[in-house]
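The lines below spell out each chain.
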Number of protein chains: 2
Amino acid sequence: MKIAVLGTGVVGVTIATKLVELGHQVMLGARSKENEKALDFVEKNKSQAQASNYAEAAAFGELLFNCTKGEASIEALLLAGEENMKDKVLIDIANPLDFSQGMPPTLSVLNTSSLAEMIQAKFPEVKVVKALNTMWCGIMVNPQMIGDGEHHTFVSGNDKEAKMLVRQILVSFGWKETNIIDLGDISTARGTEMYLPLWLRLYAANNSAAFNIKIVS
Amino acid sequence: MKIAVLGTGVVGVTIATKLVELGHQVMLGARSKENEKALDFVEKNKSQAQASNYAEAAAFGELLFNCTKGEASIEALLLAGEENMKDKVLIDIANPLDFSQGMPPTLSVLNTSSLAEMIQAKFPEVKVVKALNTMWCGIMVNPQMIGDGEHHTFVSGNDKEAKMLVRQILVSFGWKETNIIDLGDISTARGTEMYLPLWLRLYAANNSAAFNIKIVS
């Protein structure tokens, strides 16, 4: 599949690298076509990898990942252009973390909305699915790293087929189908985004990011 | 031990009943001495159980539980009186849920504060420890009900000895010592209180409250 990964931070590069391993054609999108991390990624992954600006990457991808920083996501997606994302599935991994008040970060949108809802409202013709935002990126693409892969991830979105596609992508990443919980429509992303403050305290208490939650019932 | 449980809802009665089972002397505190649920509790538990208003209950208890509704907690604790709670440990189980906008509830304090911090700031001579607020009360007092008890609970508080006492109470409830995670000072209660929006979506998706999270690492 042709997949665009928007954002060249550690999350974007980790996702993009996994997608290349799985055989996809991947274009990393950045503000500038000369983004060094994107060019590094292309150099390392040769024929399956490309890099460009947000708009060209969005136009290239049949499926899109939002791996930009939460505070910059709306602006990045405006640069990507709704016309380039129309009718496509956008997997939103970003969290609306606000580092301006120091550590740990607070959330800049929460409680009565979420970043995923803001993106869906701003780009109504895009099929936004919130996923994978509740863990460190190393676990996103390698759930077997901890607990024999027996822990959970979540999807939130308004479009049923879009969520089915995202589930298949997650299964290809190594997630067991039964460990992917559909929370409901895009507003349920409030739940997973607002989990971040607990994640941050667990990270501080554990001194490691290699953990995730399992729902025990 | 003499223990006061403030609040006569299902959480308060569940905690109070467990404490009686464990051999403690328990006084349920309510706004009124004639609270029917408290009188029911006394009738069922005879010699180990008493009921009174918040102030008398707080004076009676060597250890206190806040099981009032989050929206009413500060007012209830003002009625309890700081002089009656001075130097005592208060286990705060309440969550600042706001049902005024419909279901699911939002949070009335979050992000840059928490209910637990508000209580600690308002009553500086009380040793506030946030605990057990991340699950249904049936699991609080019977963690073995699910997953062989292998899931986690959290404590947040500024006083080390207070947290040690709370850990022992949790162990007496059936929690394994290793499954009680100390998140740090009282500000870390932001993490556990802000987990509630995810809990509420999991509850809706599962259609059951009998679940909890396990940290897998």
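The next point concerns the overall build of chain A. Each helix and strand counted, chain A has 10 helices and 11 strands in total. The C-alpha radius of gyration computed for chain A amounts to 16 Å, which stays within 12% of the reference 17 Å derived for 217 residues, consistent with globular compactness. For the C-alpha atoms alone, the extent of chain A along its principal axes is close to 45 × 35 × 35 Å. By sequence separation, contacts in chain A at least 24 residues apart represent 69% of the contacts at least 6 residues apart. Of the roughly 8700 Å² that chain A leaves accessible, carbon and sulfur atoms contribute 50%. A gap of 2 Å separates the mean positions of the 20 positive and 24 negative side-chain charges of chain A.

Moving on, we come to the relation of the copies chain B and chain A. Overlay of chain B on chain A (RMSD 0.0 Å): rotation 180°, translation along the axis 0.0 Å. Interpreted geometrically, this transformation is the action of a two-fold axis. Of all interface residues in chain B, 100% are interface residues in chain A too; the two copies therefore contact each other through one and the same surface.

This next bit is on unusual backbone geometry. The omega torsion of the bond from Met103(A) to Pro104(A) falls at -10°, within 30 degrees of zero and hence cis. Structurally, Pro104(A) can be placed in the loop between β6 (97-98) and β7 (106-107). Of note in this structure, Asn111(A) is not a glycine but carries a positive phi near 75°. One can find Asn111(A) in the loop between β7 and α6 (115-122). Its identity as a non-glycine residue notwithstanding, Leu132(B) has a phi of 65°, on the positive side.

Along the chain, Gly147(A) turns up in the loop between α7 (137-140) and β9 (153-157). For the pair Gly147(A) and Lys214(A), spaced 67 residues apart in sequence, the C-alpha to C-alpha distance is 9.4 Å. When residues no more than four places from it in sequence are discounted, the contact partners of Gly147(A) are Val216(B) and Ser217(B).

We now examine the sheet that holds strand β2 (residues 25-30) of chain B. Taken together, 8 strands build an open sheet; the order of strands is β3-β2-β1-β4-β5-β8-β9-β10 (chain B) and the sheet is mixed. The sheet is open, and its two edges are formed by β3 (49-53) and β10 (180-184) of chain B, each paired on a single side. Sheet twist, expressed as the average angle between the axes of neighbouring strands with direction ignored, equals 25°. On the sheet, helix α10 (residues 196-206) of chain A packs against β9 (153-157) and β10 of chain B and is oriented at approximately 100° with respect to β10(B). Each of β4 (63-66), β5 (89-92), β8 (127-131), β9 and β10 of chain B touches helix α8 (residues 160-173) of chain B; the most contacted strand, β9(B), lies at about 160° to it.

Moving on to the sheet that holds strand β1 (residues 2-6) of chain A. All names here are of chain A. Reading across the sheet, the 8 strands line up as β3-β2-β1-β4-β5-β8-β9-β10 and stay open at both edges, with mixed pairing between neighbours. Whereas interior strands pair on both sides, the edge strands pair on one side only; in this sheet they are β3 (49-53) and β10 (180-184). Across the sheet, the axes of successive neighbouring strands diverge by a mean angle of 25°, strand direction being ignored. Pairing analysis gives 4 bridges linking β1 to strand β4 (residues 63-66), with the strands arranged parallel. In the strand pairing of β4, Leu 6 is matched with Asn 66. Here helix α2 (residues 36-45) sits on the sheet in contact with β2 (25-30) and β3, set at roughly 160° to β3.

This brings us to the pairing of strand β11 (residues 212-216) of chain A. Where a strand is regular, its side chains alternate between the two sheet faces. The element β11(A) is extensively covered by neighbouring structure, given that 4 of its 5 residues are classed as buried. Inspection of the sheet shows β11(A) paired to strand β11 (residues 212-216) of chain B by 5 bridges, in the antiparallel sense. Bridge pairing in β11(B) links Ile213(A) to Ile215(B).

This brings us to the side chain of Asn179(B). Residues and elements named next belong to chain B. Relative to the assigned elements, Asn 179 resides in the loop between α8 and β10. Judged by relative accessible area, Asn 179 falls into the buried class, the value being 5%. Sequence-distant contacts of Asn 179, defined by excluding residues within four places in its chain, comprise Gly 149, Glu 150, His 151, His 152 and Thr 153.

Let us now look at the interface of chain B and chain A. Listed as interface residues are 34 residues of chain B and, on the opposing side, 34 residues of chain A. Of all residues in chain B, Leu198(B), Arg201(B) and Val216(B) bury the most surface against chain A, accounting for 23% of the area lost on that side. On inspection of chain B and its partner chain A, the count reaches 0 salt bridges. At the boundary of chain B and chain A, one finds 5 residue pairs in polar contact (both at pLDDT 80 or more). When residues of the side of chain B that touches chain A are traced back to their parent elements, those giving at least two are β7 (106-107), β10, α9 (189-194), α10 (196-206) and β11 of chain B. In terms of residues, the side of chain B that touches chain A owes the most to one element, α10(B), which gives 6 residues. For the side of chain B that touches chain A, the per-class residue count stands at 17 nonpolar, 12 polar and 5 charged.

Moving on to the pattern of salt bridges. Residues and elements named next belong to chain A. Within the structure shown, the criterion is met by 18 salt bridges over all chains. Across the pair Lys 33 and Glu 56 runs a salt bridge whose closest N-O atoms are separated by 2.8 Å. Residue Lys 33 is located in the loop between β2 and α2, and its partner Glu 56 is located in helix α3 (residues 54-60); the two are separated by 23 residues in the primary sequence. By relative accessible area, which is 38% here, Lys 33 ends up partly exposed. Among the residues examined, Glu 56 registers a relative accessible area of 40% and is labelled partly exposed. Of the charged contacts, one joins Lys 163 and Asp 182 as a salt bridge, the two residues approaching to 3.0 Å between their closest N and O atoms. One end of the pair, Lys 163, is in helix α8 (residues 160-173); the other, Asp 182, is in strand β10, with 19 residues separating them in the sequence. Classification of Lys 163 by relative accessible area gives buried; the value is 9%. Among the charged side chains, a salt-bridge network with shared partners connects Asp 92, Lys 130 and Glu 193.

Analysis parameters
Residues numbered from 1 in each chain as written. Chains lettered and ligands numbered in written order. Predicted model: local features only at pLDDT ≥ 70, side-chain atom pairs only at ≥ 80, totals over all residues. Heavy atoms only, no water. Helix = DSSP H or I, 4+ residues; strand = E, 2+ residues; numbered from the N terminus. Rg over C-alpha atoms; globule rule 2.2 N^0.38 Å. Contact = heavy atoms within 4.5 Å. Areas by Shrake-Rupley, 256 points an atom, 1.4 Å probe, with all protein chains shown as cover. Lys, Arg positive; Asp, Glu negative; His and termini not counted. Charge placed at Lys NZ, Arg CZ, Asp CG, Glu CD. Least-squares fit on C-alpha atoms with pLDDT ≥ 70 in both. Pairing = 2+ DSSP bridges. Axes fitted to C-alpha atoms, helices over the stretch in contact; angles between N-to-C directions. Buried < 20%, exposed > 50% of the residue type's maximum accessible area, 1.4 Å probe, protein only. Buried area = accessible area lost by both parts, 1.4 Å probe. Salt bridge = Lys/Arg side-chain N within 4 Å of Asp/Glu carboxyl O. Polar contact = N/O pair within 3.5 Å; in protein donor to acceptor, adjacent residues only side chain to side chain. Nonpolar A, V, L, I, M, F, W, Y, C, P; charged D, E, K, R; others polar.

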